[in-house]
Amino acid sequence: MKRYILIFLLLFSFGINAQNISGQAFYESKTTVDMDALGGGREMSEEMKKTVAQMMKSALEKTYILTFNKDESIYKEQEKLDAAPMNPGFKMMMSSYSPGAQYKNLKTGEIVEENEFFGKQFLVTDSIKTLDWQITKESKTIGQYIAFKATAIKKVDPNDYSMARPKKKDEKENAEVKKDTAQPQDPMDMIEIPEEIEVTAWFTPQIPVSNGPGEYAGLPGLILELNVYRTTLLCSKIVMNPKDSEKIEPPKKGKEVTREEYIKIVKEKTDEIRENFRGRGGNGGGGRRGGGF
């Protein structure tokens, strides 16, 4: 009860008119990868791990901008020049399952986002998923704002490959892989998708908008830090009521599909790639050519 009273007092004392509030929040994103699991059972030297980590850096460390008002927001990755080249296959896989510009309307509960998948543009529509947030007693200062901790459990669609991670192997499986290194391994057999994940958010009532990065919302204040699965998003800068900011409106580029339809398209294309891989024996020969969407 005390934490709710404190939140109320903060909202009252700062006296922000939520009806006219607007701003831009900049988030630094970092995603961790288990290098040992990424090796597919084969040991990687420390030098190799550093090389792979550097190649993946541009995909695993990004900056996003959330432009928001009381009811709406647009969330985009900030463009930057890649300092180091990245493996083309890994780059394609990362970009295939990463959202483009994402629009949220808190009043209607709608999300609209642009996605590019294997060169084709999609306009994915969805509803904002309501998580059962549990506000805890913990608080901390992020920049100049007091933030409170909230947690929730999110169910994951078993066909949502954006949530895929390298599958951890036990010692017996590792030994079998090492013995038969000539046998091509289906890359999709090396990943797994969790059934559910824990989401941790730190929000501030000092900015009384029920919004946050990505698809996340529903707390009594702007989310300043978010920990989801392997990714941490931390707000590095906030500009309140900027004179010049991007117009908030839904993206319009791409074929309109629902979230369920898009996940189905991704799964079908991924299954097709796996079939071709098996048909080639993993070395580029034979197999049927992939078709369109």
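To be clear, the structure that these remarks concern was listed above.
Just so it is clear, the structure is predicted and the values come from calculations on it, not from any experiment. (Residues numbered from 1 in each chain as written. Predicted model: local features only at pLDDT ≥ 70, side-chain atom pairs only at ≥ 80, totals over all residues. Heavy atoms only, no water.)

Enquirer: Is there a simple way to think about the nonpolar core in this case?
Expert: If you look at soluble globular proteins, the nonpolar side chains tend to sit buried side by side. Core analysis: the largest hydrophobic core is formed by 35 residues, its most contacted members being Trp133 and Leu222. When residues of this core are traced back to their parent elements, those giving at least two are strand 1 (22-31), strand 2 (61-69), strand 7 (134-142), strand 8 (145-155), strand 11 (196-204), strand 12 (222-228) and strand 13 (231-240). Aside from chain neighbours lying at most four places away, what touches Leu222 is Ala25, Tyr27, Leu66, Phe68, Trp202, Phe203, Thr204, Ile207, Val209, Asn211, Gly212 and Ile238. Phe122, Val124, Tyr161 and Ile265 belong to the second-largest nonpolar core, a separate cluster that totals ten residues. (Core = buried A, V, L, I, M, F, W, Y, C linked by side-chain atoms within 4.5 Å. Buried < 20%, exposed > 50% of the residue type's maximum accessible area, 1.4 Å probe, protein only. Helix = DSSP H or I, 4+ residues; strand = E, 2+ residues; numbered from the N terminus. Contact = heavy atoms within 4.5 Å.)

Enquirer: It is not clear to me how the environment of Ile191 should be interpreted in this structure. Could you clarify?
Expert: Inspection of the secondary structure puts Ile191 in strand 10 (residues 191-192). Considered as a pair, Ile191 and Met163 are 28 residues apart in the sequence and their alpha carbons are 9.8 Å apart.

Enquirer: Explanation requested: the sheet that holds strand 3 (residues 72-77) in the structure shown.
Expert: Strands in a sheet are paired, the pairing made by backbone hydrogen bonds, and the direction either parallel or antiparallel. The strand order across the open sheet formed by twelve strands is 7-8-11-12-13-1-2-3-4-5-6-14, and the pairing between neighbours is mixed. Here the strands that pair on one side only, and so sit at the sheet edges, are strand 7 and strand 14 (255-258). Recorded for the sheet is a direction-independent mean angle of 25° between the axes of neighbouring strands. Pairing of strand 3 with strand 4 (residues 102-105) involves four bridges; the strand directions are antiparallel. For Glu72, the partnering residue across the bridge sits in strand 4 and is Asn105. (Pairing = 2+ DSSP bridges. Axes fitted to C-alpha atoms, helices over the stretch in contact; angles between N-to-C directions.)

Enquirer: Would you take a moment to explain the environment of Ser127 for this structure?
Expert: Tracing the sequence through the fold places Ser127 in strand 6 (residues 120-127). By relative accessible area, which is 38% here, Ser127 ends up partly exposed. Sequence separation between Ser127 and Thr258 is 131 residues; the distance between their C-alpha atoms is 9.4 Å. The contact partners of Ser127, leaving out residues within four places of it in the chain, are Gly109 and Ile111.

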